[in-house]
Amino acid sequence: MNEKTTQKPLFTSTKCDHSGLIHRRHQSTSRRGGDNFLTACLLLIFCVSPLASASSVTWQPLDTIVEAATGAVIDAFQGQTDDYDVEVREPDSRLRLKQCAAPLKAELLSQIRGQQRISIQVRCDDSPGWKIYVQAQVRQYTDVVVVNRSLPRGHVLQSTDLEKRRQSLSGLAGGFVDDVALLVGRKLLRTVSTGSVLRPNDVRAMPAIKRGQILSIVAKDASIHIKMSGTAMSDGVVGQRIMVKNLSSGRIIEGVVRDQTTVEVP
């Protein structure tokens, strides 16, 4: 009568789940000895090592990504203006990127115009590296001329009507004037309310000299200064070139209107 031989497990295979629990299943064989040692080695290799490795990974701090993106905006404004602000949206707090050994690099994906939302690429040039895109809100400011009280259409502007204020460029698509002197003496083409930004097409220059007006014609250089009487052949605003007639010689010459009584010839 044959005697039955009891088979013992060759090894106990072990696996780990995410909770760290160990699960075993048995396979039958007639081999003996050394099995427990093999099982222990497999346990160390497949369970302990991955956990230890994962815990040693260092993630890139998210504030360094924001800092790199902000730096790219600052570089874009270098030499242009100091009057702006930028707000970079921080990446999702759940984001996990391996910490970069090299300094992060950032690049704007579009030019900055006034106030707008722009995209910035931040990347790690390690091998292998990574890249991420973040959003930023940029606002630029400048000083513009506004009226300090409500004024009717047809009003001739005086310096006391005007002042300068800091304004975001986002609301200046129609243009603006940044020098009070450029508006003094000009006539409003529309009614404006207190605080309104004046645009170049809101005003029209008033003629400093009118056609037929008697005026002074001045010719001068470093060594001579000649003044004579003349007549304006047309209306002219300050800085405009008009034709004038010399009353002494009858000659018609061209000059530049300097004020309400003077035309200067080269």
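The structure displayed is predicted, hence computed values, not measured ones.

Asks: Help me out: how do you make sense of the overall build of the protein chain in this one?
Replies: Broken down by element type, the protein chain carries two helices and 14 strands. Across the 266 residues in the protein chain, those meeting the buried criterion constitute 29%. The long-range share in the protein chain, meaning contacts at least 24 apart out of those at least 6 apart in sequence, stands at 50%. On the protein chain, roughly 17600 Å² of surface is accessible, and the fraction owed to carbon and sulfur atoms is 50%.

Asks: Where do I start with unusual backbone geometry in this structure?
Replies: Excluding glycine, residues mostly carry a negative phi; peptide bonds, for their part, are mostly trans. In this structure, the amide linkage connecting S127 to the following residue, P128, adopts the cis form with an omega of -5 degrees. By the element assignment, P128 lies in the loop between β5 (116-124) and β6 (130-147).

Asks: Honestly, the sheet that holds strand β11 (residues 225-232) in this entry has me stumped. Any pointers?
Replies: Each strand in a sheet pairs with its neighbour through backbone hydrogen bonds, running either in the same direction (parallel) or in the opposite one (antiparallel). The mixed closed barrel is built from five strands, whose spatial order is β10-β11-β12-β13-β14. The average angle at which neighbouring strand axes cross in this sheet is 50 degrees, direction not considered. Of the strand pairs in this sheet, strand β10 (residues 214-220) and β11 are connected by seven bridges, and their pairing is antiparallel. For V218, the partnering residue across the bridge sits in β11 and is K227.

Asks: It is not clear to me how the pattern of salt bridges should be interpreted in this structure. Could you clarify?
Replies: A side chain of one charge can pair with a side chain of the opposite charge if their charged atoms are brought near each other. Applying the stated criterion across every chain, the model contains 12 salt bridges. The closest approach of N and O atoms between K105 and D125, which form a salt bridge, is 3.3 Å. Separated by 20 residues along the polypeptide, K105 in strand β4 (residues 105-108) and D125 in the loop between β5 and β6 bring together distant segments of the chain. The class of K105 is partly exposed, set by a relative accessible area of 43%. A salt bridge links R165 to E163, with the shortest nitrogen-to-oxygen separation between them at 2.9 Å.

Asks: Please explain the nonpolar core as it appears in this structure.
Replies: Note that soluble globular proteins tend to have their nonpolar side chains buried in a common cluster. Ranked by size, the top nonpolar core spans 22 residues in total, and within it I65, V73, I118, I120, V122, W130 and V134 carry the most contacts. Mapped by element, the contributors of at least two residues to this core are α2 (62-77), β3 (84-88), β5 and β6.

Asks: How do you make sense of the state of the cysteines when you look at a structure like this?
Replies: Note on terminology: a disulfide is the covalent bond linking the sulfur atoms of two cysteines. Per the counting criterion, the structure on display carries one disulfide. Each disulfide pairs two cysteine sulfurs, and for C100 the partner residue is C124, the sulfurs being separated by 2.1 Å. Linking C100 and C124, the disulfide has an S-S dihedral of approximately 85 degrees and is accordingly described as right-handed. Taken together, the positions of C100 in the loop between β3 and β4 and C124 in strand β5 put the pair 24 residues apart, joining distant regions of the chain. What makes C124 buried here is its relative accessible area of 4%.

Asks: I tried to follow the confidence of the model for the protein chain on my own but got confused; where do I start?
Replies: Detailed reading of predicted coordinates is not advised where the pLDDT is low. Scored by pLDDT, the protein chain has a mean of 80; 78% of the residues are at 70 or more. Taken element by element, the protein chain is modelled with least confidence in strand β2 (residues 22-29), mean pLDDT 39, and with most confidence in strand β12 (residues 241-246), mean pLDDT 95. Overall, residues 37-54 carries pLDDT values under 50, and its contacts beyond four positions in sequence, including any with other chains, amount to 12 contacts.

Asks: Would you explain a nonpolar patch on the surface in this entry?
Replies: Judged by side-chain polarity, M233, M243 and I252 come together as a nonpolar surface patch covering roughly 250 Å² of accessible area. Take M233: it is sitting in the loop between β11 and β12. Residue class for M233 comes out partly exposed when judged on its relative accessible area of 35%.

Asks: Would you mind going over the side chain of Q60 with me for this structure?
Replies: Along the chain, Q60 falls in the loop between α1 (35-55) and α2. Here C100 takes part through its backbone nitrogen, which lies 2.7 Å from a polar atom of the side chain of Q60. Non-local contacts of Q60, meaning those with residues more than four positions away in its chain, are made with I65, L97, K98, Q99, C100, L104 and W130.

Asks: What am I meant to see in the pairing of strand β13 (residues 252-257) here?
Replies: A regular strand places its side chains so that they alternate between the two faces of the sheet. The sheet contact formed by β12 and β13 spans five bridges and is antiparallel. When the sheet's bridge partners are listed, R241 is paired in β13 with V256. Hairpin geometry of β12 and β13 is characterised by an intervening segment of five residues between the two adjacent antiparallel strands and by a positive phi of about 80 degrees at G250. Two strands pair when backbone bridges link them, and β13 and strand β14 (residues 262-265) are joined in this way by two bridges, in the antiparallel orientation. Considered in β14, the bridge of V257 is made with V263. Hairpin connection, β13 to β14: the antiparallel pair is bridged by four residues.

How each quantity is defined
- Residues numbered from 1 in each chain as written.
- Predicted model: local features only at pLDDT ≥ 70, side-chain atom pairs only at ≥ 80, totals over all residues.
- Heavy atoms only, no water.
- Helix = DSSP H or I, 4+ residues; strand = E, 2+ residues; numbered from the N terminus.
- Buried < 20%, exposed > 50% of the residue type's maximum accessible area, 1.4 Å probe, protein only.
- Contact = heavy atoms within 4.5 Å.
- Areas by Shrake-Rupley, 256 points an atom, 1.4 Å probe, with all protein chains shown as cover.
- Pairing = 2+ DSSP bridges.
- Axes fitted to C-alpha atoms, helices over the stretch in contact; angles between N-to-C directions.
- Salt bridge = Lys/Arg side-chain N within 4 Å of Asp/Glu carboxyl O.
- Core = buried A, V, L, I, M, F, W, Y, C linked by side-chain atoms within 4.5 Å.
- Disulfide = S-S within 2.5 Å.
- pLDDT = per-residue confidence, 0-100.
- Patch = residues over 30% accessible without salt bridge, like charges linked within 9 Å, V, L, I, M, F, W, Y side chains within 5 Å.
- Polar contact = N/O pair within 3.5 Å; in protein donor to acceptor, adjacent residues only side chain to side chain.

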